[in-house]
Amino acid sequence: MPNDSFIIVAIDGGAAAGKSSTSRGISERYCLMHVDTGSFYRATTLKLMGAGIAPEEGDALSKGLAALDLGTSVTGNAASITISNWTPDASIRSQKINENVSRYAALPSLREFLLKYQRSQADVAKANGFKGLVMEGRDIGSVIFPDADLRLFLVADPEKRAQRRAKEGIQDSIQARDRIDSSRKTAPLKCPEGATLLDTSDLSLDAVIDTVSKMIDKLIA
Ligand code: CDP
């Protein structure tokens, strides 16, 4: 692959598997725009819950989604979703959102609503002069960018993941979310065929970033 081409790195995995820290590190090392799609589901969940819309398909959900005007703001290497000019803040990581986000994320209409928006982030990255995109989530390598240059699926022991969240001071429903995310019909959480599985349980963040960097170096060599 020539040095000046645009690369797409897809990083999927369960809750607290190390996706965000890895994606941030990789985005800095290779000047890639970092997109955290979990924040899209969290932010839309907050908005839908705020409008009193239950996590079920129907007219209320269709109307609620139609009222959400999506945009993007880029700060440093990170792109953030904006919804009707609101930029998501720490409130999308509250216990209430942790407990409910997977129920909304299982709704096909919400996933369809966010599909094009997620793909459009490649154009945002190009327009902002990035050398590529690193996008993290649950279905990036399977549904959003199945032809990504590199598709990774991160896993880690449940205890290690719980420790990571506790260290961040966040109360989270890691296993409950993973259960719902893995068993939903639309775009379930699973390592897609052909993706590279990386177990981060016993690796430091630096070691994970170095491992992924070697894969990217091979791609762009
Ligand atoms: O940070 P953590 O891995 O714990 O979660 P997140 O990436 O912020 O994602 C929050 C929730 O959004 C997940 O538990 C999924 O229910 C949903 N999600 C999804 O369904 N598809 C994605 N591409 C990203 C997140």
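Description of the structure in this document. (Residues numbered from 1 in each chain as written. Predicted model: local features only at pLDDT ≥ 70, side-chain atom pairs only at ≥ 80, totals over all residues. Heavy atoms only, no water.)

## Details of the site of the ligand
Contacts to the ligand come from 20 residues, most closely from K19, R42, R165, R177 and D181. Take R42: an N or O atom from its side chain is 2.6 Å from an oxygen atom of the ligand. Here an oxygen atom of the ligand sits 2.7 Å away from a polar atom, N or O, in the side chain of R111. Protein chains shield 98% of the accessible area of the ligand, which is 530 Å² for the free molecule. The pocket occupied by the ligand, as judged from atoms lying within 2 Å of grid points, is the largest pocket. At the level of elements, α2 (37-50), α4 (95-105) and α8 (174-183) are the ones that each hand at least two residues to the shell around the ligand. In terms of residues, the shell around the ligand owes the most to one element, α2, which gives 4 residues. Grouping the constituent residues of the shell around the ligand by class yields 5 nonpolar, 5 polar and 10 charged. (Near = heavy atom within 4 Å. Polar contact = N/O pair within 3.5 Å; in protein donor to acceptor, adjacent residues only side chain to side chain. Areas by Shrake-Rupley, 256 points an atom, 1.4 Å probe, with all protein chains shown as cover. 1 Å grid on protein atoms, 1.4 Å probe; cavity = no way out; pocket = protein on both sides within 12 Å on 5 of 7 lines; lining within 4 Å. Sits in = over half its atoms within 2 Å of the grid points. Helix = DSSP H or I, 4+ residues; strand = E, 2+ residues; numbered from the N terminus. Nonpolar A, V, L, I, M, F, W, Y, C, P; charged D, E, K, R; others polar.)

## Looking at the environment of A195
Tracing the backbone shows A195 in the loop between α8 and β7 (196-199). Look at A195 and you get buried, because its relative accessible area is 16%. (Buried < 20%, exposed > 50% of the residue type's maximum accessible area, 1.4 Å probe, protein only.)

## Some remarks on the layout of surface pockets
Once rolled over the atoms, a probe with the size of a water molecule shows which space is left empty. In this structure, the largest pocket encloses a volume near 1,000 Å³. The wall of the largest pocket is formed by 48 residues, among which S20, D36, R93, E136 and R165 lie closest to the centre. (Points joined across faces, edges and corners; volume = space filled by probe spheres on them.)

## Description of the pairing of strand β6 (residues 150-155)
Burial analysis of β6 places 5 of its 6 residues in the buried class, which makes it a mostly covered element. Alignment of strand β1 (residues 7-13) against β6, held across 5 bridges, turns out to be parallel. The residue of β6 that forms the bridge with D12 is F153. One ladder, built from 4 bridges, connects β6 with β7; its direction is parallel. Within β7, the residue paired with F153 across the bridge is L197. (Pairing = 2+ DSSP bridges.)

## Some words on α2
Every α-helix carries 3.6 residues per turn, so stepping three or four residues along brings you back to the same face. A rise of 1.5 Å per residue sets the reference length of α2, with its 14 residues, at 20 Å; its end C-alpha atoms lie 20 Å apart and thus fit the reference within 8%. Looking at α2, one finds that the buried residues are T37, S39, F40, Y41, R42, A43, T44, T45 and L48. Backbone nitrogen of G38 and a side-chain oxygen of the N-cap are separated by 3.0 Å at the start of α2; the cap is D36. Positioned one or two residues after α2, G52 has a phi angle of 75 degrees, which is positive. (Expected span 1.5 Å × (residues − 1).)

## Structural notes on the packing of aromatic side chains
Scanning all chains against the criterion turns up 1 aromatic pair. The interplanar angle of 65 degrees and the centroid separation of 5.2 Å between the aromatic rings of F40 and Y117 together place this pair among those described as edge-to-face. Taken together, the residues span a long stretch of sequence, with F40 in helix α2 and Y117 in helix α5 (residues 108-127) at a distance of 77 residues. One exposure class covers both F40 and Y117, and it is buried. Across from the ring centre of W86, 4.7 Å away, lies the NZ or CZ of K47, which sits over that ring. In this structure, K126 packs its charged tip against the face of F6, placed 4.9 Å from the ring centre. (Phe/Tyr/Trp six-rings, centres within 6.5 Å; stacked < 30°, edge-to-face > 60°. Lys NZ or Arg CZ within 6 Å of the ring centre and 35° of its normal.)

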